[in-house]
Amino acid sequence: MSIRMPAKKILFSIFILLFFSFVLYKTKAQEVVRTPEMPRYSLNSPQNDSIPELPNFASDSLSYSTDSIQTSDSARKSNAIEAPVFYDAKDSIIMIGTNLVYLYGEAKVKYQNLELTGEYIEINTDSNTVYATYAIDSIGNEYGYPIFKEGEQQYEAKTMRYNFKTKKGFITDVVTQQGEGYVTSGRTKKMDNNDLYMVDGKYTTCDEHDHPHFYFKMTKAKVRPGKDIVAGPGYLVVEDVPLPIALPFAYFPFKGSYSSGVIMPTYGDEMARGFCLRDGGYYFAFNDYMDLALTGEIYTKGSWGINARSTYRKRYKFSGNYNIGYLVTILGDKGAADYSKTKDFKINWSHSQDPKMNPYRTVSANVNFSTSSYDRNQVNSIYSGAYTQNVKSSSVNISQTFPDSPFSLNANMTINQRSQDSTVSLTLPTLSISMRQIYPFKRKNPVGGQRWYEAISLSYQGKFDNSITTKDDQLFSSNLIKDWKNGMSHSIPVSATFNLLDYINITPSFSYNERWYTNEVTQDYDPYTDRLAPVDTTYGFYRSYNYSASVSLNTKLYGFFKPWKIFGDKVQMIRHVFTPNISFSGAPDFSDPKYGSFVNKTYLDRNGVEKFAKYSPFQYGLYPPSGGGKSGTMSFGVENNLEMKIKSDSDSTGIKKISLIDNLRFSSGYNFLAEQFNWSDISASLRMKFSKSYSLSLSGAFDVYTYNENGQRINVTRWDAGKGIGRFRGTSTSLSYSFNNDTFKKLFSKKDDSDDKNKKDEPGQVNEVPDEVNTGENTPKASLRSEKKNAGEFDADGYMITNTPWSLSLNYSIGFGYGDFNKSKLEYDYKVNQTLGMSGNIQPTPGWTFNFSTSYDFDYKKFATMNCSVTRNLHCWQMTASFIPIGPYQSYNFTLSVNSSMLQDLKYTQRTSSYDAIKWE
């Protein structure tokens, strides 16, 4: 009799047998699942029990009972480590025997200053080794890469094995950041001194570690973390394409502090000056307060230059920088008609003093001096816009105040340049001493009311000047005595203010001025020019003086107007402030020879006719001589201010003040003692405030006299000639404004910003704090293999929000005034002078940026100059193209370079020179 069993029962029986076999096998090991109360474990030394017991949760370390077979003490000591090993895991910890520990889920092992984290870690106490690797989630993505941290150094890999005793390890697919770059390698051996020996390594500054856009392939390399990399044969790879650029060896230094080193030059070529090496030299790192970079340039056709630039800073003392350059430019062939050789130099110096250094003495400097042709011959000046500057100014100032004293000293040097005609105006030095306003007759211990003489005040201003105006190539060959002008001036004003009838302020004043000269010029008749001309200069000490007295009266009148209620209650009040003023001043005729400022001269002209003339021997001096003619002038003027108070739209109970006319002023004068032209021009000015950041200012004058057929002014007023009171001479103003994305949003947006503000301030609402604010010192570094964040913003549906940042700045200046004389009308025709400057930028995509700047010449009706640049951000590379499409400096400059300063010499440059833009005829 045979018994047959169904196939399903047979399979079920086999499954039951396998299951019980597996359960019996698993009883040989115990699994310990971490609980919140479970302490961290530590391994002090390898245990010797083959069958471990359950851990004692009350102890900080694991203790086990001894086995019947024990190891000797000498063997235990030889295999012991120097410190306990602490470990932890978020998911679970599995221990097999006394020598194997398995950590799952954000595992962490710590030994002395070493810390190892990973998704899965194995610890073997017999061999004192630890092994870590990553994990794979349900969709196949890798996560939890091991991170090995020892001191300040950190490595990230896919697998890592480390020996606690020998301090050596083996790493696969390591990624570590060294300086500004990243080092990756498939196989790496870590030594006990932290050196890394790599095979098939990569060095790059691109943070895309798995597929960098470029890298240096290193067949083998030695990495000393924080110090340098020494590599064997290697080559450059761009976008996974090896380039035929190989190196027998490579050296990459890493230093936390700056140090001296060589500055690699760039090459170029020009038609006029030939091939060149430019901007190469040496960098000196003297100390923490000062550095120096010496660079130069040399051309194959003889041109060369040298440059020194430095930055210095001392905390709480001073800071500054300077840039000095010397350039020799040779154009054409020697002996040819177009041959030229120019020598140029420049000095740029900026210095500022910290107020904490000395509250009574300050030193400042802002020097921008160069010869007129330096910017035209220096290549780097073309795209910076310096070559279009016609006027440059420089100044160096030292001031000293004395505590508990009204006196102060000031010394400065000023330089004004005009590149159009190479004119230089230099004042070196200007020394001035001033005394602030004091009241010499005021009582120290006053009793009763103030007496009239106690309101008298005086001050003093003295100044010594030494200046010259010449061409820049003749500046250093000038004679200090004959070519330079020097002298000293003194001014002592005395004034007092009294109150008349409680509403009128009356201010009498007296002013004395004196000038000292070091030479005087004698003039005589010149028959060739038929006028007086200088014939001799006498050096010595000479003086000229003048004085004047005046009295002025002013008051304020207020007018208020409240609109009728039938026009609404929006406007609450309109206020008009009217400020009239009148003054009388007088001075004698200092052209009289008795005052010593003028000389009477009688001579015979070329026709033998006796003539009389008057001249001042100081008219060619640094300070103008005292004016001629008697003066008894009455000056008058009025000022107006108009404001309005309206109800605020945002607050029903609030009142807002609006300025309609900030200041409207008219003034003129009449000289009673002048022989002709008694009336002064009518001056007018207007200032209006439209907002806190924008206002409009206009000023001009009205001519009150007429002209003859030669365009000369005659002593006939316009009202006497029936042409009105005055003719407008002219005015000028400038407007500037910047437009950007937010400009039109503010104009057309219906959303009130105050609503957002109120929402943020609502009680109980917690505003989100960016993650960057919550980071602390103990926050671990982000994973180098973490997924890069997408650039840009996305809406709720996942679509990228397109945003094109742009800006446009306009600067418009207009001048309106007299032009050419019209003989038929006996008037000057008006002429309009206009200038328009534009600059802007646009970023159509996050990687592209376009910038431009230009100016338009309305006289020639064309653009005077234009400078454009296009920049493309290629992640770890950057492409820049600068070009000047119009004008005499047409050229372009193309550069493709690595963003990192460590590899700044890894670049490609192509440029043309403005000298090559020659128009052959």
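Residue positions within a chain follow its written sequence, with the count starting from 1. Local features in this predicted model are restricted to residues of pLDDT 70 or higher, and side-chain atom pairs are both shown and tallied only at a pLDDT of 80 or more, whereas totals for entire chains, interfaces and linings draw on every residue. The side-chain numbers reported here are obtained from all heavy atoms of the structure, hydrogens and water having been left aside.

Asks: Which residues make up the overall build of the protein chain, and what values do they have?
Replies: In terms of regular secondary structure, the protein chain is built from seven helices and 56 strands. Only protein chains enter the calculation, and the probe is 1.4 Å; a residue is then buried if its accessible area is under 20% of its type maximum, exposed if over 50%, and partly exposed in between. For the protein chain, the residues scored as buried account for 32% of the 921 residues in total. Counted over contacts in the protein chain with a minimum sequence separation of 6, partners at least 24 positions apart contribute 49%. Accessible surface for the protein chain amounts to roughly 57500 Å². Of this, 56% is attributable to carbon and sulfur atoms. Working definition: helices are DSSP H or I runs of at least four residues, strands are E runs of at least two. Numbering for both runs from the N terminus. Every residue pair with non-hydrogen atoms within 4.5 Å of one another is taken to be in contact. We get accessible surface area from the Shrake-Rupley algorithm with a probe of 1.4 Å; when it comes to residues, only the shown protein chains can shield them.

Asks: Outline the nonpolar core, supporting the account with residue identities and numerical values.
Replies: We call a set of buried Ala, Val, Leu, Ile, Met, Phe, Trp, Tyr and Cys residues a nonpolar core when their side-chain atoms join them within 4.5 Å. Ranked by size, the top nonpolar core spans 46 residues in total, and within it Leu103, Val109, Ile121, Ile229 and Phe252 carry the most contacts. Other than its neighbours up to four places away in sequence, leucine 103 contacts Tyr87, Asp88, Ala89, Ser92, Ile93, Lys108, Val109, Glu119, Tyr120, Ile121 and Ile123. Counting residues in hydrophobic clusters, the runner-up holds 11 residues, among them Ala365, Val367, Val396 and Leu475.

Asks: A description of the environment of threonine 909 should follow, citing residues and the corresponding values.
Replies: Considering the arrangement of structural elements, one finds threonine 909 in strand 56 (residues 907–911). For the pair threonine 909 and methionine 879, spaced 30 residues apart in the sequence, the C-alpha separation amounts to 9.9 Å. In this view, threonine 909 contacts Tyr267, Asn893, Phe894 and Thr895; residues no more than four positions away in its chain are not counted.

Asks: Summarise the pattern of salt bridges; cite the residues concerned and give the values.
Replies: Basic side-chain nitrogens of Lys or Arg form a salt bridge, by our definition, when they fall within 4 Å of a carboxyl oxygen of Asp or Glu. Counted by the stated rule, this structure contains 22 salt bridges. Here arginine 729 ties to aspartate 681 by a salt bridge, and the two come within 3.0 Å at their closest N and O atoms. A residue pair is termed long-range when its members are at least 10 positions apart, and arginine 729 in strand 47 (residues 727–740) and aspartate 681 in the loop between strand 42 (655–671) and strand 43 (682–689) qualify at 48 residues. Residue class for arginine 729 comes out partly exposed when judged on its relative accessible area of 27%. Here the residues in one salt-bridge network are Asp681, Asp703, Arg713 and Arg729, joined through shared partners.

Asks: Hey, could you go over the layout of surface pockets for me, with residue numbers and the actual values?
Replies: By rolling a water-sized probe across the atoms, one finds the places where empty space is left. Buried and open spaces are told apart on a 1 Å grid over the protein atoms alone, a cavity being a set of points where a 1.4 Å probe fits but cannot get out and a pocket being an open set with protein on both sides within 12 Å along at least five of seven lines. Residues with an atom within 4 Å of a point are the lining residues. Grid points are joined across faces, edges and corners, and a volume is the space filled by probe spheres set on the points. A volume near 1300 Å³ is recorded for the largest pocket. Residue lining of the largest pocket: 37 residues in total, with Pro253, Ser901, Met902, Leu903 and Asp905 positioned closest to the centre. Every element with two or more residues in the lining of the largest pocket is listed here: strand 13 (169–178), strand 18 (234–238), strand 19 (241–247), strand 20 (250–253) and strand 21 (261–263). The element contributing the most residues to the lining of the largest pocket is strand 20, with four residues. Along the lines of polarity and charge, the residues of the lining of the largest pocket split into 21 nonpolar, 12 polar and four charged. Residue type decides the class: Asp, Glu, Lys and Arg count as charged, Ala, Val, Leu, Ile, Met, Phe, Trp, Tyr, Cys and Pro as nonpolar, and the leftover types, Gly among them, as polar.

Asks: Would you mind going over a nonpolar patch on the surface in detail, with residue names and values included?
Replies: A contiguous nonpolar patch, built from Tyr267, Leu277, Ile298, Trp304, Ile306 and Tyr908 and spanning about 630 Å² of accessible area, is present on the exposed surface. Relative to the helices and strands, tyrosine 908 is located in strand 56. Within this analysis, patches are made of residues with over 30% relative accessible area and no salt bridge. Like charges are joined at 9 Å or less; nonpolar side chains (Val, Leu, Ile, Met, Phe, Trp, Tyr) at 5 Å or less.

Asks: So what about the side chain of threonine 371? Which residues, and what values?
Replies: Residue position: threonine 371 is located in the loop between strand 28 (361–370) and helix 3 (374–377). Apart from the residues lying within four places of it in its own chain, the contact partners of threonine 371 are Asp344, Phe345, Gln417 and Asp472.

Asks: So what's going on with the environment of lysine 614? Which residues, and what values?
Replies: Relative to the assigned elements, lysine 614 resides in strand 40 (residues 610–615). Take lysine 614: its relative accessible area is 40%, and that puts it in the partly exposed class. Sequence-wise, lysine 614 and threonine 602 are 12 residues apart; in three dimensions their C-alpha atoms are separated by 8.6 Å. Apart from residues no more than four positions distant in its own chain, lysine 614 is found in contact with Ser591, Phe598, Val599 and Asn600.

Asks: Give me the lowdown on unusual backbone geometry, citing residues and values where you can.
Replies: When glycine is set aside, most residues are seen to have a negative phi, and most peptide bonds are trans. Cis geometry marks the peptide bond from leucine 428 to proline 429, where omega comes out at -5 degrees. Structurally, the position occupied by proline 429 is in strand 31 (residues 423–438). Even without glycine at this site, glutamate 106 takes up a positive phi of about 45 degrees. When you line up the elements, glutamate 106 lands in strand 5 (residues 100–111).

Asks: An account of the pairing of strand 5 is needed here, citing residue identities and associated values.
Replies: Strand pairing requires that DSSP identify at least two bridges connecting the strands. As defined by bridge partners, strand 3 (residues 85–88) adjoins strand 5 across four bridges and the pair is classed as antiparallel. Each residue of the ladder has a partner; that of valine 85, found in strand 5, is tyrosine 111. As defined by bridge partners, strand 4 (residues 92–96) adjoins strand 5 across five bridges and the pair is classed as antiparallel. Within the sheet, the bridge partner assigned to isoleucine 94 lies in strand 5 and is tyrosine 102. When strand 5 meets strand 6 (residues 114–124), the two strands line up antiparallel, connected through 10 bridges. Following the sheet pairing, tyrosine 104 is matched in strand 6 by tyrosine 120. Taken together, strand 5 and the strand that follows it, strand 6, pair antiparallel across an intervening segment of two residues, in which glutamine 112 is found at a positive phi of about 55 degrees.

Asks: Residue-level account of the packing of aromatic side chains, with values.
Replies: Centres within 6.5 Å make a pair out of two Phe, Tyr or Trp rings, where for Trp the six-membered ring is used; the pair is then stacked when the planes are under 30 degrees apart, edge-to-face when over 60, and tilted otherwise. For the structure shown, the criterion picks out 43 aromatic pairs. For the ring pair phenylalanine 728 and phenylalanine 816, a centre distance of 6.3 Å and an interplane angle of 20 degrees mean the geometry is stacked. Highlighted residues: phenylalanine 728 in strand 47 and phenylalanine 816 in strand 50 (residues 806–822), separated in sequence by 88 residues. Accessibility expressed as a relative area gives 23% for phenylalanine 728, which makes it partly exposed. Judged by relative accessible area, phenylalanine 816 falls into the partly exposed class, the value being 32%. Among the aromatic residues, those joined into a ring-pair cluster are Phe702, Tyr707, Phe728, Phe816, Tyr818, Phe821, Tyr828 and Tyr830. Its guanidinium or amino end placed over the ring of tyrosine 299, arginine 273 lies 4.6 Å from that ring's centre, counting from NZ or CZ. In this analysis the charged atom, NZ for Lys or CZ for Arg, is taken to sit over a ring once it is within 6 Å of the ring centre and within 35 degrees of the ring normal.

Asks: Can you lay out the confidence of the model for the protein chain for me, pointing to particular residues and giving the numbers?
Replies: A residue's pLDDT is simply how confident the predictor is in it, with values from 0 to 100. Per-chain confidence: the protein chain averages 81 in pLDDT, with 83% of residues scoring 70 or above. Within the protein chain, strand 25 (residues 304–314) carries the highest mean pLDDT (94), whereas strand 1 (residues 30–32) carries the lowest (37). Note that pLDDT drops below 50 for residues 20–77; the model gives that stretch 80 contacts with residues more than four away or on any other chain.

Asks: I'd like a description of the state of the cysteines, backed by residues and values.
Replies: Disulfides are defined as pairs of cysteine sulfur atoms found within 2.5 Å of each other. The full count for this structure, using the stated rule, is zero disulfides. The thiol sulfur of cysteine 206 is not disulfide-bonded, and the nearest other cysteine sulfur, from cysteine 876, lies at 3.7 Å.

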